[in-house]
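Residue strings, one per chain:
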Amino acid sequence: GISFWALGEMVRMRIGIGEGADEATTREHLANSLDQFVTDADERRSLEDPLLHLLGIGESQTREQGQLFVAWRTFFERIAETGSVVMVFEDLQWADEGMLDFIEELVTWSRGRSIYLITLARAELLDRRPTWGAGQRSFTSLSLAPLSDDEVATLLAGLVPGLPEPVIRQIVGRAEGIPLYAVETVRMLLNDGRIERDGETFRPVGELNQLAVPESLHALIAARIDGLAPAARTLIQDASVLGLSFSLAALTAVSRSAAEEIGTTLQHLVQRELLVIEDDPRSPERGQHRFVQGLLREVAYGTLSRDDRRARHLAAARYYEALGDDELSGVLAQHYVDAYQAHPDGPEGAAVAAQARVALRGAAQRAADLGSRRLAHGYIESALLVVSDPAEELDLRAAATWMAAGAGLMDASVRHGERAVELATQLGDVRARRVAAATLGEVLLDGHHDRAIEILTKAYEEPGLTPGDPGYLRVAAAFAKAMMRSQHDARAVEVADAALPAGDVPLPSAQRAEVDEVLLDLLITRGTALSNLNRVTEAVVVLTGALEMARRKSMLGATIRALINLTYALGPDDPARGFQVARDALEEIRKAGHVWGLRYVLGNAVEYGMDVGEWDWIMEVMAEQDLGAAEPAERIWFGASQTAIRALRGEDTDEAARKIYAESRSFDDPQYLSGGSMPLLMTHLAADRLAEVVGLGDEMLTNGRAGMEGAMYGALAAIWDGDVATARRMRAAHEIAIGGRRTTAIRETMDGGIAMLEGRAAEARAHYLEAQRLWRELGLNYLLAMCDLDIVVTGALEPAERRRAADEARTIFTRLRAQPLIDRLDAALAAVGPIATAEPAPDTSDQGAPAAR
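The structure reproduced in this document is the subject of the present report. (Residues numbered from 1 in each chain as written. Predicted model: local features only at pLDDT ≥ 70, side-chain atom pairs only at ≥ 80, totals over all residues. Heavy atoms only, no water.)

**Quick notes on helix α35 (residues 708-720)**
Compared with an ideal rise of 1.5 Å per residue, which puts 13 residues at 18 Å, α35 spans 19 Å between its outermost C-alpha atoms and is within 8% of the ideal. Burial analysis of α35 places twelve of its 13 residues in the buried class, the great majority of the element. By the burial criterion, the buried members of α35 are Met708, Gly710, Ala711, Met712, Tyr713, Gly714, Ala715, Leu716, Ala717, Ala718, Ile719 and Trp720. Turning to α35, the residues buried within the fold contact α33 (670-686), α34 (690-701), α36 (724-733), α37 (741-757), α39 (781-794) and α41 (819-832). (Helix = DSSP H or I, 4+ residues; strand = E, 2+ residues; numbered from the N terminus. Expected span 1.5 Å × (residues − 1). Buried < 20%, exposed > 50% of the residue type's maximum accessible area, 1.4 Å probe, protein only. Contact = heavy atoms within 4.5 Å.)

**Here's the deal with the packing of aromatic side chains**
Under the defined criterion, the tally for this structure stands at ten aromatic pairs. Between Phe37 and Phe75, the aromatic rings sit 5.6 Å apart at their centres with planes inclined by 65°, giving edge-to-face as the arrangement. Within this pair, whereas Phe37 is found in helix α2 (residues 23-37), its partner Phe75 is found in helix α4 (residues 65-80), the two being separated by 38 residues in sequence. A residue is classified by how much of its surface remains accessible, and Phe37, at 7% relative accessible area, is buried. (Phe/Tyr/Trp six-rings, centres within 6.5 Å; stacked < 30°, edge-to-face > 60°.)

**Section: the nonpolar core**
For soluble globular proteins, nonpolar side chains are generally found buried alongside one another. Membership of the largest hydrophobic core comes to 103 residues, with the highest contact counts inside it found for Met682, Tyr713, Trp775 and Tyr782. Look past the residues within four positions of Tyr713 in its chain and what remains in contact with it is Met678, Leu681, Met682, Leu685, Val693, Tyr782 and Met786. The next biggest cluster of nonpolar side chains, apart from the first, holds 77 residues, and it includes Val152, Tyr181, Leu275 and Ala368. (Core = buried A, V, L, I, M, F, W, Y, C linked by side-chain atoms within 4.5 Å.)

**So, the side chain of His449**
For His449, the position within the fold is in helix α22 (residues 449-460). Given the relative accessible area of 6%, His449 is considered buried. A distance of 3.2 Å separates polar atoms of two side chains, one belonging to His449 and the other to Ser486. Contact partners of His449, with chain neighbours within four places excluded, come to Leu444, Ala482, Arg485, Ser486 and Asp668. (Polar contact = N/O pair within 3.5 Å; in protein donor to acceptor, adjacent residues only side chain to side chain.)

**Points about the environment of Thr525**
With respect to the helices and strands, Thr525 occurs in helix α25 (residues 509-532). Under the relative-accessibility criterion, Thr525 is labelled buried at 0%. With residues up to four places along the chain from it excluded, the contact list for Thr525 reads Ala480, Lys481, Met484 and Arg561.

**A few points about the pairing of strand β2 (residues 115-119)**
Note: strand β1 (residues 85-89) against β2, five bridges, orientation parallel. Considered in β2, the bridge of Val88 is made with Ile118. In this view, the connection linking β1 to its parallel neighbour β2 by way of helix α5 (residues 97-109) has right-handed handedness. (Pairing = 2+ DSSP bridges. Right-handed = clockwise from strand over helix to strand, strands pointing away.)

**Re the environment of Ala818**
Counting through the fold element by element, Ala818 comes out in the loop between α40 (799-816) and α41. We classify Ala818 as buried; its relative accessible area is 0%. With 36 residues separating them in the primary sequence, Ala818 and Tyr782 have C-alpha atoms 9.9 Å apart. Ignoring any residue separated from it by four or fewer positions in sequence, one finds Ala818 in contact with Trp615, Leu648, Arg649 and Phe813.

**Some thoughts on the side chain of Arg224**
One can find Arg224 in helix α10 (residues 217-226). The class for Arg224 is buried, based on a relative accessible area of 2%. Once residues lying within four places of it in the same chain are set aside, the contact partners of Arg224 are Glu184, Arg187, Met188, Asn191, Arg272, Glu273, Leu274 and Leu296.

**Considering unusual backbone geometry**
For residues other than glycine, phi is negative in most cases, and the peptide bonds are mostly trans. In this structure, Gln487 is a non-glycine residue whose phi angle is positive, near 70°. Of the residues examined, Gln487 reaches a relative accessible area of 25% and is grouped as partly exposed. The backbone phi angle of Leu797 is positive, close to 70°, even though this residue is not glycine. Counting through the fold element by element, Leu797 comes out in the loop between α39 and α40. Overall, Leu797 belongs to the buried group, its relative accessible area being 11%.

**Here's the deal with the sheet that holds strand β6 (residues 275-277)**
Sheet architecture is open: three strands sit in the order β5-β7-β6, paired in antiparallel fashion. Where the open sheet ends on each side, the last strands, each with one partner, are β5 (245-246) and β6. Here β5 runs beside strand β7 (residues 289-291); their pairing, made up of two bridges, is antiparallel. Directly across from Phe246, in β7, lies its bridge partner His289. Contacting β5, β6 and β7, helix α13 (residues 259-271) runs over the sheet at an angle of about 105° to β6. (Axes fitted to C-alpha atoms, helices over the stretch in contact; angles between N-to-C directions.)

**With respect to the packing of helix α20 (residues 410-427) against helix α21 (residues 430-444)**
Packing of α20 against α21 leaves a shortest axis separation of 8 Å and a crossing angle of 160°. Here α21 runs roughly antiparallel to α20, going by the angle between their axes. Crossing of α20 over α21 shows left-handed handedness. Judged by residue contacts, Met410, Ser413, Val414, Gly417, Glu418, Ala420, Val421, Ala424 and Thr425 of α20 engage Ala432, Arg433, Ala436, Ala437, Leu440, Val443 and Leu444 from α21. (Parallel < 35°, antiparallel > 145°, perpendicular 65-115°, else oblique. Left-handed = near helix turned anticlockwise from the far one by under 90°.)

Now the structure itself:
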């Protein structure tokens, strides 16, 4: 199959070295090549280590897929700055998952670069990747349909001029539009000596009017193989074990033929057009032999007995094992697996299974080191098929849980996690049981919140569990996160404070890195919980420190989580700064290719961008998201803001909003439930369906703190509708919101409307003026305009002040193209009658988020 080895060969070709180059030569050539097109010294250093790791040299400190992929991707991007880059991948249906992930990432993140990718594959690729290429810009798909009878006849006439018409009709009738059938028939005739080569074509030799052609393509190829001399037939069977292409050295190691005869027999097979020699100087397989097409290799492999397959696969495995090349770990493991599957019975089968497990663990580690969690998970899954010892299965299940989660295979991750807990319990391994429960709980937190809480609470509250016990730190970190996500923030801080000292003990370096990662996770959880407890300054300090430490230790996952939660913590008091931090972080996360991190940071940027009034930016960045092919969580996360803006711009969003709302009901996470309600709420607001806005606001309040936007808009609709009792109820519900200047401004706006409805005009004026001051200070233009609209609807303030508010609102709404809100403003102005002309309102429409405070 195609693996990262193929990508490494591309790098070797570009830097001008062969596969057998020693370490010193490789380092020298790579350094010289980077000097040619990488001018920044820091970037050069960031590329060198992952590229050497790809080439199997040195021990990379980089373990995150995003960091590795970005380095490899940047290498080709920098080459593209000096000239167009064309990357051709053949037979991609055999590619491993890591290679497919990298190609998709390259296409996604290197838009605008002069990089042209050609991927050739059978339709089987779509069984593994049904959305291959879907949603990508500048993507062209070419499907090869069967040829017509006339086209097959033309092909035959071109290959063998003078082929008798009856023979042509016979072949055309059986080919059923498959050109390979016609080509293989010509090759069979060549093998039989009934045609001979004439330059690039063939010509008949002797009588061809009567021709016995097998019915099927498979039978046709089998007949060709059966017609070979015994030595040639044996050698091509030996070669089929090695794959589509193979080296002479590998074939010699596998074959039972005499070494001195192999070269002569290979030449004969090339002449018979069963094999070809790869002589393209640009090919990473130059000098190797290759089957003329994959089906021929499959048929040859199918003629081997089970015992012969096992013997040859074992010979191939020992050959690759002797090479000691980590890059070939996947090939080595596959040969052991194939040897076991060929004949799993008896003592020999058990011995091969043990060898297969060792090789698969090595291949999984290599794949994980290269950032391909999906591929690593596949290797672990294969190892689980040949395991019988419960302790060994537990080790594999623990690894598979994280591998599957990192690859986005959540159902598989939960399945592995549940089995790991079960095995650890059966074995009486206390530490493994606690760690497995913590891992399973963390996996379940996204999407299955209630079950996660149940598992983690039971693990943390285990009788007798103390900070010094094995597995305690992992359990505490997961439980603290669950408490924070459940809005039990004081409990989250309490758990974190109790657990953090447990990690501050001397440890061997191998364990230190793992513990440091858990400690960082605890600190980030603690900082986020502090923000929820209105200890915003402390929260920002903790999260900023955690972010700095994560970056210094090159922990990408912790870096992304710290960025997400820092932008979140900034929201209640300074959303404009939160918007700027999140927007700046997007480039860092895009460069890393971290899809999970992008979802959350972009989600925060979009949420704050709504308030700031950066609607055009939101719609532009949302247009880059392939929501049709996205997971349900992403469709809710990103589609909600896009649909809400469309609603406020007067578009018909009823169907889209209801679809997002319905899809969000499959989650029990309050964030998803409230987020999925927002586009429908905005659709109701734009359509002036105020009672529906209140009803949906009440429903959002059942999500606790995550539903506070429901209280804000519910109060707004009630005030516009003159319903003071509902407005007061929404105002009371808002008391649980996290404190900060934005929160204060929302409450001042609510209080102004309520006071005006109750006839307390002077109090209303004081509240509204303070709200306007805060909205302007925060730079939140959309919410400032909504406050101004409130003032006009309720008739608050002095006439001149009200006119300024109306003009300010119109200016902002016009820039945002929020026609339904302009219509509401016009209706309110008409209802209260003429208002005295005032001085022009200050133009706040271009006020962006401040760079710093």
